[in-house]
Amino acid sequence: MTVNFVSGMAAENSDIRSHYQKSMKDFAKKNGKVNVNLQAVSYGDIKTKLSSTVNAGNPPAIAEGGALGLKFYNQGKVPNHKPFFDKTDSLPDDLTSANKNSAKFRGKYWSGGAQRHTSSNLGINVQAFKKAGVTNPQKDLATWSQFYDYIEKIDKNQDITAWEETGVYNDLESYWGEARTAYTGGTDPWLRGNPKDPTIVVGSDHKDAPKTDGMIKNCIKLARKFSSNKSASRGDEEIPSLMLTNRVASFMYATPTANRWRQVKSDVKFGWRGGNGDIMLLPNPKLDPEYGAKVGIPELEGVSGEHGGHVWSLEQQTSIFDVSKKKQQAAWDLNVYMLTDKDFALPAWGKYYEAIPGTTSMGKKLLKNYGDKLPSWTTNAIDNVNKYGSQYATTGASWDVKGTSDIRWNNINKTISSSIAGQLSPQEVPKKINQNIKKTLKEQNK
């Protein structure tokens, strides 16, 4: 039989697309009975693609639908995946913590996991920060106060954008990571409690609201002061060329994928290298008690947190759809192959698109087999996730609410993006987000 597979990952670049195409043939050879019709669709177009085919009654057997798969699960168009897991020896136990958190909804599995994860971190232009006086970036850029002092120096003394916010709403996951740095222990900055009637922290009278609201204002304030006038519509894909041509000094959307930078400059030098590197990846700064007073955000005065970031896992979740039982099983076999087969996973995430594998055991194998070949840009990102644990988490997965996607992209990100563009004052944003979330929850629970 032939199963249709809609993949966003396979459309990310020509190298990973070629690897996926070859791997589908490898799977067919190893499986013996199943051919795969790979449909490489950009993540930006997957929503349209899946919505049209699923609603027309012609869904693919398997797709990287992300949170859209959760929507279809709640509509009865994606089955509970637990029976599939029950027939698998190592899963779901071997899934990463980000995968386990994302693949479940109120105790049931709507997904088979994501093949890989990326995470958000601080990325810096080494030469710009060296000129500003940084000698030990891990120590000199550890807190928000330190980071602010240096980007202020860069802004005043260098002909370069000191900090560029990826302010287009579908790339504002940078804020999700920034918000976590006001907290410790993986505390969720936005929603908590009973999924059927959650407590909304942002824009409320909750005791933790000042932390979340303050970091929203910080995101907007820094974007307005230091970023270009294009930041409200700036996507992360544009940043590598801007940084490697000395037009941008830093951003908070640095992911493990080094190939994106090599495509701009084949001989790019990753890491500090005694101040002779090109770009470096660091953990997001942690909030320190002095920062709020320094930048004029009262909500953050006296508040401290830990390094943290957003882990992309919910976005890449792979779901089996409501097709025949035989095709569902074949699709599940393909999912297991992509998670556990070293011929697919190791070159995929170690060579063609550096990332964190979707299973713990494959992550260990990746470091063992590719550790000395991976650039510091990638290994630093992996180290941050390992070192800071729950502070690097998937935004929205733990909420278990039906409107997760709308809350993340529309209620939070679009509102912040509109303020970066000057359409709302920073003071208005938290309350506006709160109102939008309440509306979304009410509509989804009808």
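Up top is the structure these notes are about.
Bear in mind that the values here come from a model prediction, so they are computed numbers and not experimental data.

Rules and cut-offs
- Residues numbered from 1 in each chain as written.
- Predicted model: local features only at pLDDT ≥ 70, side-chain atom pairs only at ≥ 80, totals over all residues.
- Heavy atoms only, no water.
- Axes fitted to C-alpha atoms, helices over the stretch in contact; angles between N-to-C directions.
- Helix = DSSP H or I, 4+ residues; strand = E, 2+ residues; numbered from the N terminus.
- Parallel < 35°, antiparallel > 145°, perpendicular 65-115°, else oblique.
- Left-handed = near helix turned anticlockwise from the far one by under 90°.
- Contact = heavy atoms within 4.5 Å.
- Nonpolar A, V, L, I, M, F, W, Y, C, P; charged D, E, K, R; others polar.
- Buried < 20%, exposed > 50% of the residue type's maximum accessible area, 1.4 Å probe, protein only.
- Pairing = 2+ DSSP bridges.

K.L.:
Run through the packing of helix α8 (residues 144-157) against helix α10 (residues 209-226), naming residues and quoting values.
P.N.:
Axis angle and axis distance: for two packed helices, these are the angle between their axes and the distance between the axes, and together they describe the pair. Where α8 contacts α10, the axes come no closer than 12 Å and their chain directions differ by 15 degrees. The angle between the axes of α8 and α10 places the two elements in the roughly parallel class. Classified by chirality, the crossing of α10 by α8 is left-handed. Facing Trp144, Tyr148, Ile151, Glu152 and Asp155 of α8, the residues of α10 in contact are Met215, Asn218, Leu222, Lys225 and Phe226. Taken together, the residues of the contact of α8 with α10 break down into 6 nonpolar, 1 polar and 3 charged.

K.L.:
How would you explain unusual backbone geometry if you had to name every residue and give the values?
P.N.:
What you tend to see is this: most non-glycine residues have negative phi, and most peptide bonds are trans. Of note, the bond from Leu91 into Pro92 is cis; its omega dihedral lies within 30 degrees of zero at 5 degrees. With respect to the secondary-structure elements, Pro92 resides in the loop between α4 (82-86) and α5 (97-103). Its identity is not glycine, yet Asn246 carries a phi of approximately 60 degrees, on the positive side. With respect to the helices, strands and loops of the structure, Asn246 is situated in the loop between α11 (239-244) and β10 (250-254). Judged by relative accessible area, Asn246 falls into the partly exposed class, the value being 45%. If you check the backbone angles, Asp400 has positive phi at about 55 degrees while not being a glycine. With respect to the element layout, Asp400 can be found in the loop between β15 (392-393) and α18 (404-420).

K.L.:
Lay out the environment of Ile412 with the relevant residues and their values.
P.N.:
Mapping Ile412 onto the fold places it in helix α18. Sequence-wise, Ile412 and Glu173 are 239 residues apart; in three dimensions their C-alpha atoms are separated by 9.9 Å. In this structure Ile412 touches Tyr175, Trp176, Trp190, Trp399, Ile407 and Ile433, once residues within four positions along its chain are discounted.

K.L.:
Describe the sheet that holds strand β11 (residues 279-282), naming the residues involved and giving the relevant values.
P.N.:
The 3 strands lie next to each other as β10-β7-β11, forming an open sheet whose pairing is antiparallel. At either end of the open sheet lies a strand with only one pairing partner, and these are β10 and β11. Between one strand axis and the next, the sheet turns by 30 degrees as a mean value, whatever way the strands run. Looking at chain direction, strand β7 (residues 121-125) and β10 are connected through 3 bridges and run antiparallel. Each residue of the ladder has a partner; that of Asn121, found in β10, is Ala254.

All quantities given are derived from atomic positions and should not be read as evidence of function.
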